[in-house]
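Notes for the structure review
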Amino acid sequence: SELCPKYTDRLNFGQALSKATVLLVVLHYAPNSSMTYTGTCRWDKMPLTNQCLEWLLRAVPKALNEEAGGTEMSAESLRRVAECVTMVDLRPIIPVSKKKCLSEFNTVRNGLGLTHGMFDLIGHLLVAYHAKFYKALEKNKERQ
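Residues numbered from 1 in each chain as written. Predicted model: local features only at pLDDT ≥ 70, side-chain atom pairs only at ≥ 80, totals over all residues. Heavy atoms only, no water.

1. Some thoughts on the environment of Met 35
The condition is simple: Secondary structure elements are taken from DSSP: a helix is a run of H or I of four residues or more, a strand is a run of E of two residues or more, and numbering for both begins at the N terminus. Throughout, exposure labels follow a simple rule: accessible area from a 1.4 Å probe, protein chains only, divided by the maximum for the residue type, with under 20% read as buried, over 50% as exposed, and the rest as partly exposed. In this analysis, two residues are considered to be in contact whenever any of their non-hydrogen atoms come within 4.5 Å of each other.
Tracing the backbone shows Met 35 in the loop between strand E1 (23–27) and helix H1 (51–67). For Met 35, a relative accessible area of 22% gives the class partly exposed. For the pair Met 35 and Arg 10, spaced 25 residues apart in the sequence, the C-alpha separation amounts to 7.1 Å. Setting aside residues no more than four positions away along its own chain, Met 35 makes contact with Asp 9, Arg 10, Lys 45 and Ile 94.

Here is the structure:
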């Protein structure tokens, strides 16, 4: 956008809508290291090799499984869990600097002429689209 040229390619709308999703994970924002990732759709900057995401997709299911008395999870089981998890950030841009991310969010917000609430609403709408899509899929399953 000509309003914020520095951030033209830094959009992050999260992973694509998926029929396999049973868990939606909402995160704060993607780090600059995510810029080279091209994921499930054009504006997906959620690399599953990111330490935070990898931990969520491996350590949490393993721990819950073990706590429930299950045996060790295989690599195939963990892969199947990952297919059912979708990641979305509440901040739709990737800041250049982690230390200055708040001022960068404000720069983009102001450059686009948005209020703080309007800018926050964009992230919440992205999450809501995923949730509504899942709910619509569930309704369709019930009708069949």
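2. Quick look at the pattern of salt bridges
Threshold: We count a salt bridge whenever a side-chain nitrogen from Lys or Arg sits within 4 Å of a carboxyl oxygen from Asp or Glu.
A complete count under the given rule lists 5 salt bridges for this structure. The shortest N-O distance in the salt bridge between Glu 76 and Arg 79 comes to 2.5 Å. One end of the pair, Glu 76, and the other, Arg 79, are both in helix H2 (residues 75–83), 3 residues apart, so they sit about a helical turn from each other. A residue is classified by how much of its surface remains accessible, and Arg 79, at 38% relative accessible area, is partly exposed. For Arg 91, the salt bridge identified is with Asp 120, shortest N-O distance 2.7 Å. Of the two residues, Arg 91 is situated in the loop between strand E2 (85–89) and helix H3 (101–111) and Asp 120 in helix H4 (residues 116–143); the sequence distance between them amounts to 29 residues. One network of salt bridges, in which partners are shared, links Glu 76, Arg 79 and Glu 83.

3. Notes on a positive patch on the surface
What counts is decided by this rule: Here a patch means residues that are over 30% exposed by relative accessible area and free of salt bridges, tied together within 9 Å if like-charged and within 5 Å if nonpolar (Val, Leu, Ile, Met, Phe, Trp, Tyr). Per-residue accessibility takes into account occlusion by the displayed protein chains alone, with areas from the Shrake-Rupley method and a 1.4 Å probe. For the purpose of charge, His is not counted, nor are the chain termini; Lys and Arg are scored as positive and Asp and Glu as negative. Working definition for charges: the position is that of NZ of Lys, CZ of Arg, CG of Asp or CD of Glu.
A contiguous patch of positive charge on the surface is contributed by Lys 132, Lys 135, Lys 139 and Arg 143. Looking at where Lys 135 falls in the secondary structure, it is placed in helix H4.

4. Topic: the layout of surface pockets
The following threshold applies: For each structure, a 1 Å grid was placed over the protein atoms alone; sets of points admitting a 1.4 Å probe that cannot get out are labelled cavities, open sets with protein on both sides within 12 Å along at least five of seven lines are labelled pockets, and lining residues have an atom within 4 Å of a point. Grid points are joined across faces, edges and corners, and a volume is the space filled by probe spheres set on the points. Charged means Asp, Glu, Lys or Arg here, nonpolar means Ala, Val, Leu, Ile, Met, Phe, Trp, Tyr, Cys or Pro, and polar covers whatever is left, Gly included.
Estimated volume of the largest pocket: approximately 300 Å³. Of the residues forming the lining of the largest pocket, the biggest block, 3 residues, is contributed by H1. Residues of the lining of the largest pocket, tallied by class, amount to 10 nonpolar, 7 polar and 3 charged.

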